[in-house]
Amino acid sequence: AAGVIQSPRHLIKEKRETATLKCYPIPRHDTVYWYQQGPGQDPQFLISFYEKMQSDKGSIPDRFSAQQFSDYHSELNMSSLELGDSALYFCASSSGGTGIRPTYEQYFGPGTRLTVT
Amino acid sequence: AQSVSQHNHHVILSEAASLELGCNYSYGGTVNLFWYVQYPGQHLQLLLKYFSGDPLVKGIKGFEAEFIKSKFSFNLRKPSVQWSDTAEYFCAERRPDKLIFGTGTRLQVFP
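Residues numbered from 1 in each chain as written. Chains lettered and ligands numbered in written order. Predicted model: local features only at pLDDT ≥ 70, side-chain atom pairs only at ≥ 80, totals over all residues. Heavy atoms only, no water.

Student: Go over unusual backbone geometry with me, naming the residues and quoting the values.
Tutor: Pro8(A) follows Ser7(A) through a cis peptide bond whose omega is -10°. Mapped onto the fold, Pro8(A) is located in the loop between β1 (5–7) and β2 (10–13). Even without a glycine there, the phi angle at Lys61(B) is positive, about 60°. Looking at the secondary structure, you find Lys61(B) in the loop between β7 (56–58) and β8 (64–68). With relative accessibility at 42%, the residue Lys61(B) sits in the partly exposed group. (Helix = DSSP H or I, 4+ residues; strand = E, 2+ residues; numbered from the N terminus. Buried < 20%, exposed > 50% of the residue type's maximum accessible area, 1.4 Å probe, protein only.)

Student: Lay out the state of the cysteines in plain terms, naming residues and giving numbers.
Tutor: Chemically, a disulfide is nothing more than a covalent bond linking the sulfur atoms of two cysteines. All names here are of chain B. Tallied over the full model, the rule gives two disulfides over all chains. In this model, cysteine 23 is linked to cysteine 91 through a disulfide, with the two sulfur atoms separated by 1.9 Å. Around the S-S axis, the bridge from cysteine 23 to cysteine 91 shows a dihedral of about -65° and counts as left-handed. Taken together, the residues span a long stretch of sequence, with cysteine 23 in the loop between β3 (19–21) and β4 (24–25) and cysteine 91 in strand β10 (residues 87–95) at a distance of 68 residues. The class for cysteine 23 is buried, based on a relative accessible area of 0%. Note on cysteine 91: relative accessible area 0%, which makes it buried. (Disulfide = S-S within 2.5 Å.)

Here it is in structure tokens:
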């Protein structure tokens, strides 16, 4: 079965550079979530999109922006990178929006490991 | 404050020992609870989830969890662990548009 695809898998950038992370959700999934997991930390929610509109926002720095495109893939743009941005960035997808239902599940991608030097 | 609490930060067990990992949530609304596992260097995988109904939920790899509403708890259990269960375990609750994770429990199983 198709899974969530993230690219690139690894990315090394220098301070003050920019980075773009891409996420391709499972086919027919309409909701995308971005999480940041620092070393030894739990995943922290950054932002989510449902049907190409931002649906919720968490602890995402102003230097970061994201969007969901017409084909439902999403991109996380990170500018003025700082050392503290080094982390594993997960994308997850689900279907059916935010309605409460027993089939709800977020499927996680393999993550992009960003290292800022 | 962390709305999902995992009190066991690091658990060390021998193979065949029984496992129980604690998870407490605080959300007072409709509850969707999950346990995810993260093997070293890998992404999060769903072990099991609770939505409603039977409070005892069975998941993959022999794991189960019990939802106790009066205690705001959703503890993960496995009667006999294996070396391959060595991983990080995260409890999470759903807040409509996102998952709130606990701080995780690192499980090490020795042969």
